[in-house]
Amino acid sequence: MHSAQLRRAAGVPLLALALVAGCGSAPSGEQPAAAAATRVFAADNGQVTIPADPQRVVATGYAVPALIEADAALVGISLWKRGLPLMSQEDRATYDRLEKIAGETAAETNYEAIAKVKPDLIVIGVPAPVLADVDMDRLESIAPVVAIGPTVPSAWRELSQRQSDAAGRAANFGQAKAAYEKKAAELAAKYREALAGVKFGHVGSYGEAAKGTFQREFAGSWGTNIAQDVGVTYYGQVKKKGGGSSDVSEYPSIEELPASLGEADAITYSVRPDGTPNESVKYVLDSPLWKNLPAVKAGKAFPIRYTEAATYDSALMTLDAVDQALAPLAAS
């Protein structure tokens, strides 16, 4: 079922009403306003009292695609250009029409623009360290603020669930999650025999060719976590964990390519939506060291598109891309 159909099929959001503003009883014959219903939500910035059913939501960062897909009552969003290739036509139309109240970074937050759209909830989807670039006091003077930001890349599952829940769209989220898990299970069954005992490595998109480095991604990173749901096993781990994405990826020099990926039976690597490698990945693919890797010489290097998916709807596209990439393994 298409994401839009899933959203329309979703029932009334599951709301946990914690308290009602105004302790006094309503005048005879009158009911308290529905908008007065609130609940306490556990966010990165603490326990925050928010509307139980928000009617005017502002979203930034990773909350943007999650809340567009969840059909939240959005009135303003930050720019999210990196996710545009992963949006359905309907979601892209929603993105285009919404008021842009911030740029790509937290430092580009436009507080006047946020105040102008009169939100009753602000969902900040940036990593905790980046919150220092946000004037939280100023935001909180406009509306309740919940910060729900990413940690390791694979945490998008929990992240998008919490963001959808905060916006009163828990039911919509559940529909997308079920569709993703069904498809992942089908592909896992399809490739079970082909992937048994195969050790994979992954080359990511964020090396720096100018500095002579490449990105090696391990389990739980952007390029790997969705393929893992299909049954792909990525071996190894970073030499030194530094928190966040650096817990699951590192940036060796190109000279270290044989030592980093020489034990891999197969290698996946990230490519753009059109299937072409960016400059960082092309730098690796053009290296004689790459061409001499055992997995590459065996014809077991596979490009994967849409590796930056951070929602269940967009990850369905990644599952299709993984299926396409691994098809030669199933045929052999």
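In what follows, the structure referred to is the one given above.
Bear in mind that the values here come from a model prediction, so they are computed numbers and not experimental data. (Residues numbered from 1 in each chain as written. Predicted model: local features only at pLDDT ≥ 70, side-chain atom pairs only at ≥ 80, totals over all residues. Heavy atoms only, no water.)

Report on the overall build of the protein, specifying residues and quantitative values.
Each helix and strand counted, the protein has 13 helices and 14 strands in total. In the protein, the proportion of contacts linking residues at least 24 apart, taken out of those at least 6 apart, comes to 66%. (Helix = DSSP H or I, 4+ residues; strand = E, 2+ residues; numbered from the N terminus. Contact = heavy atoms within 4.5 Å.)

Summarise the pairing of strand β3 (residues 46-51); cite the residues concerned and give the values.
The side chains of a regular strand alternate, first on one face of the sheet and then on the other. Here strand β2 (residues 37-43) pairs with β3 via six bridges, running antiparallel. The partner of Ala42 across the bridge, within β3, is Gln47. The turn linking β2 back onto β3 is made up of two residues. (Pairing = 2+ DSSP bridges.)

Can you break down the packing of aromatic side chains residue by residue, with the values?
Under the counting rule described, the total for this entry stands at eight aromatic pairs. Seen from their ring centres, Phe173 and Tyr312 are 5.4 Å apart, and the 70 degrees between their planes marks the pair as edge-to-face. Pair noted here: Phe173 is in helix α7 (residues 170-195) and Tyr312 is in helix α13 (residues 312-331), with a separation of 139 residues, a long-range link. Among the residues examined, Tyr312 registers a relative accessible area of 5% and is labelled buried. Note on Tyr269 and Trp290: the rings are 5.8 Å apart at their centroids and 90 degrees apart in plane angle, and the pair reads as edge-to-face. (Phe/Tyr/Trp six-rings, centres within 6.5 Å; stacked < 30°, edge-to-face > 60°. Buried < 20%, exposed > 50% of the residue type's maximum accessible area, 1.4 Å probe, protein only.)

Lay out unusual backbone geometry in plain terms, naming residues and giving numbers.
Unusually for a residue other than glycine, Asp71 sits at a positive phi of about 60 degrees. With respect to the secondary-structure elements, Asp71 resides in the loop between α2 (63-69) and β5 (74-78). Backbone geometry places Lys118, a non-glycine residue, at a positive phi of 50 degrees. By secondary structure assignment, the location of Lys118 is in the loop between α4 (111-116) and β7 (121-125).

Lay out the sheet that holds β5 in plain terms, naming residues and giving numbers.
Consider a sheet: its strands pair through backbone hydrogen bonds, and that pairing is either parallel or antiparallel. Read from one edge to the other, the open sheet built from five strands follows the order β6-β5-β4-β7-β8, with strand pairing classed as parallel. Either end of the sheet is taken by a strand with one partner, and the two such strands are β6 (99-102) and β8 (145-147). Averaged over all neighbouring strand pairs, the angle between strand axes comes to 25 degrees, with direction disregarded. (Axes fitted to C-alpha atoms, helices over the stretch in contact; angles between N-to-C directions.)

How would you summarise the nonpolar core if you had to cite specific residues and measurements?
Ranked by size, the top nonpolar core spans 58 residues in total, and within it Leu67, Leu74, Val146, Phe200 and Leu326 carry the most contacts. Residue contributions to this core peak at nine residues, all from α13. Contacts of Leu326, omitting those with residues within four sequence positions, involve Tyr191, Leu195, Phe200, Val232 and Phe302. With 19 residues, the next largest nonpolar core counts Ala102, Ile124, Leu139 and Val145 among its residues. (Core = buried A, V, L, I, M, F, W, Y, C linked by side-chain atoms within 4.5 Å.)

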